[in-house]
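A look at the structure
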Amino acid sequence: MAKGYWIGRVDVNNDEGYKPYVVANGPIFKKWGGRFAVRGGKFTTVEGASRTRNVVIEFPDYETAIACYNSPEYQANIKVRQPHSIADLIIIEGYDGPQPSDS
């Protein structure tokens, strides 16, 4: 079964106001089996526009990724984040099919 992912790009305009959102996310993501695949880190924008922070969160499957987003806990936490940042977030199903071969 393919994994599910949140792909987020964020510009934070108030670091202190944003911190409670980050702290509250830990227990929420743990409850839904989420784990960080990307959390900040060095990046290079090679095409298009970017934001200052990037995150990829892996979930057991697409349905769980959607359920976490729609959970009462995360919906309440969005309200903590919104006054302090601008975010783009997509939820996407991973790919579990054939991969390019080395031949």
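Below: a short report on this structure. Nothing here was measured: the structure is a model prediction, and the numbers come from that model. (Residues numbered from 1 in each chain as written. Predicted model: local features only at pLDDT ≥ 70, side-chain atom pairs only at ≥ 80, totals over all residues. Heavy atoms only, no water.)

1. As for the side chain of Asp61
Along the chain, Asp61 falls in the loop between β3 (53-59) and α2 (62-70). Lys3 provides the closest opposite charge to the buried, unpaired Asp61, separated from it by 9.1 Å. Only 3.2 Å separates the side chain of Asp61 from the backbone nitrogen of Glu63, close enough to count as a polar contact. Apart from the residues lying within four places of it in its own chain, the contact partners of Asp61 are Met1, Ala2, Lys3 and Gly4. (Helix = DSSP H or I, 4+ residues; strand = E, 2+ residues; numbered from the N terminus. Buried < 20%, exposed > 50% of the residue type's maximum accessible area, 1.4 Å probe, protein only. Lys, Arg positive; Asp, Glu negative; His and termini not counted. Salt bridge = Lys/Arg side-chain N within 4 Å of Asp/Glu carboxyl O. Polar contact = N/O pair within 3.5 Å; in protein donor to acceptor, adjacent residues only side chain to side chain. Contact = heavy atoms within 4.5 Å.)

2. Comments concerning helix α3 (residues 72-81)
Among the residues making up α3, those that are buried are Tyr74, Asn77, Ile78 and Arg81. In a view along the axis of α3, the buried residues occupy a sector of 115°, so they form one face of it. In α3, the exposed residues that point more than 90 degrees away from the buried face are Pro72 and Lys79. In this structure, the buried side of α3 is in contact with β1 (4-12), α1 (15-31), α2 and β4 (85-93). (Arc of directions from axis to C-beta.)

3. Notes on the side chain of Arg81
With respect to the helices and strands, the residue Arg81 is situated in helix α3. Of the side chains with opposite charge, Asp88 lies nearest to the buried Arg81, which makes no salt bridge, at 8.7 Å. Apart from residues no more than four positions distant in its own chain, Arg81 is found in contact with Tyr18, Tyr21, Tyr74 and Ala87.

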